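An overview of the molecular structure
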Amino acid sequence: MSYLQEVLEEVKKRNPGEIEFHQAVEEVLISLAPVIEKHPEYKNIALIERFVEPERVVMFRVPWLDDQGKVHVNRGFRVQFNSAIGPYKGGLRFHPSVYLGIIKFLGFEQILKNSLTGLPIGGGKGGSDFDPKGKTDTEVMKFCQSFMNELYRHIGQDLDVPAGDIGVGAREVGYLFGQYKKIKNQHEAGVLTGKGLAYGGSLARKEATGFGLIYFVREMLAAHGMDYKDKTVVISGAGNVAIYACQKAQEYGAKVIAMCDSSGYILDEEGIKLDTVKQLKEVERKRIKEYVNIHTNAKYFEGQQGIWTIPCDIALPCATQNDIQLENAKKLVENRVKAIGEGANMPCTNEAVEYFLENNVLLAPAKAANAGGVATSALEMSQNSMRLHWSFEEVNEKLDHIMVNIFKASQSAAKEYGMPGNYVAGANIAGFLKVADAMMSQGIV
Ligand code: NDP
Ligand code: 2IT
């Protein structure tokens, strides 16, 4: 058995039941084989064994009172995975499916993603099995305050800097920040990112993940002689990432025809009217099916998975993990999809990724393609440290530049290690080499 295979088997044995974590580790370790061949010294210092083991895991009780006075108990998590290149950095996810295996997969991916940004941020992730859906503002606030009553001990602007993810947006970050400030009696702006603009947030952070995805895919298409003009695009999700991916794709002349939430999808052959989606999702917090009441030409289909049966040139999964499974991948290829851009984290199963690559579909992997969000979070931290604000244009320009660099790094690593055009392997290798170098330099810690 090879060194990497041994480590993978050990990960599965030591972390029983954490299937998403196994999946994420497997995908990365497979692509590191040529790196280990070139650097046999990594084995002697157990570099990979250390890389797959979080530096620290915190799990805690989050009790809160609903509006009727009933007590609920949720579970909170923060996984501080790797601090080799900077303070732990990564979002918080509030979703009923959250358990340790999900947070560990996200934290593990975040190490390499953050490395790819070229900015000084380590990898971490957190969250809770709390479901914000159907809760009142007061209930969400009380939950966030209780969550922070424990989390504050473990975070700080030079220690660990959380942000949003599924179910955590500006509203939740605001309540979390308010409670942190109350406990610490200090306006430590850089402790959280994705903040409101009135108290230290960065312009363009809200747009950053979606815009960044579109910039990365633009570079990938260009490298293969294509662009967005008149391309048909299908986007899963209707949250933060999906909305701003849609906006930028439309600006580049693409025709986005479908979006979804976890209940079902809308198909608008004339092109999605994004203002309606923003109003329904960002303002009213309603379901996507309401869209067809406003635009009667559009159709709504119950069930989210059917979205992948729609013929399109570019598919952008921006909802959640394992959204595109092998069967969906086969259907997309049959319908002649040209490119996949992963806006969500691990939205394609490993089998689906393999199938796309075998069938010469361009694939922009999540840890490279959605890194614009965390990169802009790091720019928010910089602005907080300097106590100043950059304009929207300035941040957006920096973001574009970062995405171009991430594409180039993934492209050249893929080429150097004998897999040209395989941006999945390229991103894993480019991200890993910097982390490995930093870990090597810092001794056995
Ligand atoms: P939001 O909470 O804003 O939106 C999530 C969207 O995905 C909603 O439309 C939601 O539908 C849908 N969704 C969530 N879970 C499921 C599910 N199990 N099945 C089907 N649809 C689902 O989250 P974000 O847009 O912020 O995050 C989307 C993805 O992007 C996640 O994978 C996240 O990790 C990743 N990401 C986010 C970044 C950020 O800056 N926000 C940065 C990089 C990656 P519903 O409302 O019905 O639940
Ligand atoms: O998955 C991700 O990169 C995020 N949810 C954003 C993390 C961040 O710290 O901005």
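The coordinates are above.
Residues numbered from 1 in each chain as written. Chains lettered and ligands numbered in written order. Predicted model: local features only at pLDDT ≥ 70, side-chain atom pairs only at ≥ 80, totals over all residues. Heavy atoms only, no water.

**Here's the deal with the overall build of the protein**
Rules: Counting from the N terminus, the helices are DSSP H or I runs at least four residues long and the strands are E runs at least two residues long. Put simply, the radius of gyration uses C-alpha atoms, and a globule should come to 2.2 Å times the residue count raised to 0.38. Working definition: with a 1.4 Å probe on protein chains only, accessible area under 20% of the residue-type maximum means buried, over 50% means exposed, and in between means partly exposed. Residue contacts follow a heavy-atom distance rule, with two residues in contact if any of their heavy atoms lie within 4.5 Å. Accessible areas in this description were obtained via Shrake-Rupley with a 1.4 Å probe; residue shielding takes into account the shown protein chains only.
When you go through the protein residue by residue, the secondary structure sums to 18 helices and twelve strands. In summary, the protein has a C-alpha radius of gyration of 21 Å against a globular reference of 22 Å for 445 residues, a match within 12%. By principal-axis analysis of the C-alpha atoms, the protein measures approximately 65 × 55 × 45 Å. When each of the 445 residues of the protein is scored for burial, the buried share is 58%. Expressed as a percentage of contacts within the protein between residues at least 6 apart in sequence, the contacts between residues at least 24 apart total 71%. Carbon and sulfur atoms provide 51% of the accessible area of the protein, an area that totals close to 17800 Å².

**Digging into the site of ligand 1**
As a reminder, the rule being used: If even one non-hydrogen atom of a residue comes within 4 Å of a molecule or strand, that residue is called near it. In protein, a polar contact requires one atom able to donate a hydrogen and another able to accept it; more generally it is a pair of N or O atoms within 3.5 Å, and residues adjacent in sequence count only if both atoms are side-chain atoms.
Of all residues adjacent to ligand 1, which total 25 residues, the nearest are Asp165, Thr209, Ser262, Arg287 and Asn345. Take Asn240: an N or O atom from its main chain is 2.9 Å from an oxygen atom of ligand 1. Within the side chain of Ser262, one N or O atom sits 2.5 Å away from an oxygen atom of ligand 1. When the free accessible area of ligand 1 is taken as 880 Å², the share hidden by the protein chains comes to 85%. Secondary-structure elements contributing two or more residues to the shell around ligand 1 are helix 9 (205-223) and helix 10 (240-251).

**So, the site of ligand 2**
Quick reminder of the rule: In this classification, the charged set is Asp, Glu, Lys and Arg, the nonpolar set is Ala, Val, Leu, Ile, Met, Phe, Trp, Tyr, Cys and Pro, and all remaining amino acids, among them Gly, are polar.
As a matter of local geometry, ligand 2 sits amid 14 residues, with Lys89, Lys113, Asp165, Arg205 and Ser377 nearest to it. Measuring from an oxygen atom of ligand 2, one finds a side-chain N or O atom of Lys125 at 3.0 Å. Arg205 places a polar side-chain atom, nitrogen or oxygen, 3.0 Å from an oxygen atom of ligand 2. Relative to its unbound accessible area of 300 Å², ligand 2 is 93% covered by the protein chains. Counting only elements with at least two residues in the shell around ligand 2, the list comes to strand 3 (88-94), helix 6 (100-116) and helix 16 (372-386). Taken together, the residues of the shell around ligand 2 sort by class into two nonpolar, seven polar and five charged.

**Looking at the packing of helix 1 (residues 3-14) against helix 2 (residues 19-31)**
Here is the rule we go by: Here, axes are lines fitted to C-alpha atoms. For helices the fit covers the stretch in contact, and angles between N-to-C directions go from 0 to 180 degrees. Each angle receives one of four descriptions, namely roughly parallel if under 35 degrees, roughly antiparallel if over 145, roughly perpendicular if within 65 to 115, and oblique otherwise.
One can describe the packing of helix 1 onto helix 2 by two numbers: an axis separation of 10 Å at closest approach and a directional angle of 175°. Taken together, the axes of helix 1 and helix 2 are roughly antiparallel relative to one another. Every residue of helix 2 that contacts helix 1 at Leu4, Val7, Leu8, Val11 and Lys12 is listed here: Phe21, His22, Val25, Glu26 and Leu29. Class assignment of the residues belonging to the contact of helix 1 with helix 2 gives a composition of seven nonpolar, one polar and two charged.

**Some remarks on empty space enclosed by the protein**
Basically, it comes down to this: Put simply, the grid is 1 Å and covers the protein atoms alone, a cavity is a trapped set of points that fit a 1.4 Å probe, a pocket is an open set with protein on both sides within 12 Å along at least five of seven lines, and lining residues have an atom within 4 Å of a point. Grid points are joined across faces, edges and corners, and a volume is the space filled by probe spheres set on the points.
Overall, the coordinates contain one cavity of 30 Å³ or more when judged by the stated rule. Approximately 120 Å³ is the volume found for the largest cavity. As for the largest cavity, its lining consists of 14 residues, of which Glu27, Glu109, Glu342, Met346 and Lys367 are closest to the centre. Counting only elements with at least two residues in the lining of the largest cavity, the list comes to helix 2, helix 14 (350-358) and helix 15 (366-369). If you tally residues by element for the lining of the largest cavity, the top one is helix 2, at three residues.

**As for unusual backbone geometry**
Positive phi outside glycine occurs at Met346, with the angle close to 50°. Judged by relative accessible area, which is 6%, Met346 ranks as buried. Located in the positive-phi region is Arg387, a residue other than glycine, with phi close to 55°.

**Observations concerning the side chain of Asn114**
By the secondary structure assignment, Asn114 is in helix 6. Judged by its relative accessible area of 0%, Asn114 falls in the buried class. Residue contacts for Asn114: discarding those within four places in its chain leaves Lys89, Leu119, Ile121, Gly122, Gly123 and Val374.

**Description of the pattern of salt bridges**
Applicable threshold: For this document, the term salt bridge refers to a Lys or Arg side-chain nitrogen within 4 Å of an Asp or Glu carboxyl oxygen.
According to the stated counting rule, one finds 26 salt bridges in the structure shown. Here Glu18 and Lys104 are joined by a salt bridge, their closest N and O atoms 2.8 Å apart. Here Glu18, found in the loop between helix 1 and helix 2, pairs with Lys104, found in helix 6; they are 86 residues apart in sequence, far enough to count as distant. Looking at Lys104, the relative accessible area reads 5%, which means it is buried.

**Quick look at the sheet that holds strand 10 (residues 314-317)**
Condition: Here, any two strands with at least 2 DSSP bridges between them count as paired.
An order of 9-8-7-6-10-11-12 is seen for the seven strands of this open sheet, with the pairing classed as mixed. Pairing within the sheet leaves two strands with one partner each, and these edge strands are strand 9 (299-302) and strand 12 (362-364). If you compare each strand with its neighbour and ignore which way they point, the axes differ by 15° on average. Pairing between strand 11 (residues 339-341) and strand 12: three bridges, direction parallel. Bridging from a neighbouring strand, Gly341 pairs with Ala364 of strand 12.

**Notes on the environment of Gln179**
Along the chain, Gln179 turns up in helix 8 (residues 170-184). Counting along the chain gives 42 residues from Gln179 to Leu221, while the straight-line C-alpha distance between them is 44 Å. Apart from residues no more than four positions distant in its own chain, Gln179 is found in contact with Gln145, Met148 and Asn149.

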